[in-house]
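Residues per chain, in single letters:
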Amino acid sequence: MCYISTTLYNLICYISTTCTLQDIVIIVKRVVACVSVLGCLLMLTVIFVYKKYSNFIQRIILYMTLAALLSAIAYIIGDLQEDGPICTFQGFISNFADWSVLMWMFMITLTLHLSQVNDKKLDSKEWVFHIVCWGLPLLASCVPFIDDNHYGPSGAWCWIDDTAWRFGAWYVPLFVMLLVIIVLNSHMFYVVRKRAKNTGGIYSHETEHAQERLMAELKPLRLYPYLYLALNIFPLINRIQNAADSNNPIFALTLLHTISIASQGTVNACAFGLNKQTLSELRWCNFKLQLKSLCMCKTDVIGEYETQEDVPDVALAPDSPQLLTIDQD
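Before going into details, it helps to say that this report is about the structure given with it. (Residues numbered from 1 in each chain as written. Predicted model: local features only at pLDDT ≥ 70, side-chain atom pairs only at ≥ 80, totals over all residues. Heavy atoms only, no water.)

Once that is clear, we can look at the overall build of the protein chain. For the protein chain, the count of helices and strands is 12 helices and two strands. Long-range contacts, defined here as pairs at least 24 residues apart, represent 75% of the contacts in the protein chain between residues at least 6 apart. Element-wise, carbon and sulfur atoms account for 65% of the exposed surface of the protein chain, whose accessible area totals about 19800 Å². (Helix = DSSP H or I, 4+ residues; strand = E, 2+ residues; numbered from the N terminus. Contact = heavy atoms within 4.5 Å. Areas by Shrake-Rupley, 256 points an atom, 1.4 Å probe, with all protein chains shown as cover.)

Set out below in structure tokens:
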């Protein structure tokens, strides 16, 4: 244990003496983003292995996870680049992925709200969801090209390089969307709780148990927007500080900003695992059994039957039952 502590201490000292502060931020960003990639891959594995994609809400979570995976990959490959096509591409991909995560999160809330409050199903409108959740982020990511290319170096990575455009094209729409999501979530839970309270004791024990199970399933889904809001607090504070005093950035704020934006996949995976059923599915014994059931090949058993020629003639006994034949005229 002492050896490990000494090794880590020496590594930190080596990094701190040989790397600049920007190098440290980039290293932290890539490490955190790699963990997010693993979290996204874990979610995708569980969804596919247990065939959760047959459920509409789980499919939306699948699409949100793909967007979060793209965002994490963008932060892994992103580096401090000079202003140019590569930097523009990195900033564009990062902005597109973050917008896609936000839109799919909004669609989760909208679907739950309409199904629980208005009893409306949106399964047949899944194609509309794809147009909205991939199309709008594409348009939003093209907005910084208006009037000029506003993608460029933005701290230790490439993003929108102008303060006014950062707030107008991302932070203001972000917090408006999050406010709408939180209001819809709160109203949905208020309606569901009120309905459960009003029907208490009227229906059977099975119905009450089903309502309790529904609340347990909804609670982890409710966490996604709140976690997303929490992850954007430090980036917002850091960008405000950068706008107020661009020549004197605060390293601690920059580091917290970096950890927050690169950990979306990890945080989503933690919220995904809060479901009791998912936790049981993550146990190795259950996971291994499910993998075996998926890999098991079902083969048709073809038996050999004797032909009429191979069947020996057997004389019927006098008292044996005869075959009944019906002659049709």
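Considering all chains together, one arrives at one disulfide under this definition. Between the sulfur atoms of Cys 87 and its disulfide partner Cys 158 the distance amounts to 2.0 Å. Between Cys 87 and Cys 158, the S-S dihedral sits near -110 degrees, and the bridge is therefore left-handed. Residue Cys 87 is found in helix H4 (residues 85-117), and its partner Cys 158 is found in strand S2 (residues 157-160); the two are separated by 71 residues along the sequence. (Disulfide = S-S within 2.5 Å.)

A separate point is the nonpolar core. Counting 69 residues, the largest nonpolar core has Ile 60, Ile 61, Leu 102, Trp 104, Trp 170, Tyr 224 and Tyr 228 as the members making the most contacts within it. Ignoring any residue separated from it by four or fewer positions in sequence, one finds Ile 61 in contact with Met 43, Ile 47, Ile 108, Leu 221, Tyr 224 and Phe 272. (Core = buried A, V, L, I, M, F, W, Y, C linked by side-chain atoms within 4.5 Å. Buried < 20%, exposed > 50% of the residue type's maximum accessible area, 1.4 Å probe, protein only.)

Moving on to helix H5 (residues 126-142). Spacing of three or four residues puts side chains on the same side of an α-helix, whose turn is 3.6 residues. For H5, built from 17 residues, the straight-helix expectation of 24 Å at 1.5 Å per residue is met to within 8% by its first-to-last C-alpha distance of 24 Å. Among all positions of H5, only Glu 126, Phe 129, Cys 133, Pro 137, Ala 140 and Ser 141 are buried. Each element contacted by the buried residues of H5 is listed here: helix H3 (56-77), H4 and strand S1 (151-154). (Expected span 1.5 Å × (residues − 1).)

Where empty space is left becomes clear once a probe the size of a water molecule has been rolled over the atoms. Approximately 410 Å³ is the volume found for the second largest pocket. If you trace the second largest pocket, you find 19 residues lining it, with Gly 155, Ala 156, Asn 242, Pro 249 and Thr 254 closest to the centre. Secondary-structure elements contributing two or more residues to the lining of the second largest pocket are helix H2 (21-49), helix H6 (163-198), helix H8 (233-244) and helix H9 (251-262). For the lining of the second largest pocket, the class distribution of residues is seven nonpolar, nine polar and three charged. (1 Å grid on protein atoms, 1.4 Å probe; cavity = no way out; pocket = protein on both sides within 12 Å on 5 of 7 lines; lining within 4 Å. Points joined across faces, edges and corners; volume = space filled by probe spheres on them. Nonpolar A, V, L, I, M, F, W, Y, C, P; charged D, E, K, R; others polar.)

The subject of this paragraph is unusual backbone geometry. Backbone phi values are negative for most residues with the exception of glycine, while trans is the configuration of most peptide bonds. Phi angles above zero are rare outside glycine, and Lys 51 is one such case at about 55 degrees. Looking at the element boundaries, Lys 51 is found in the loop between H2 and H3. Given the relative accessible area of 44%, Lys 51 is considered partly exposed. Its identity as a non-glycine residue notwithstanding, Asp 119 has a phi of 55 degrees, on the positive side. Tracing the backbone through its elements, the reader meets Asp 119 in the loop between H4 and H5.

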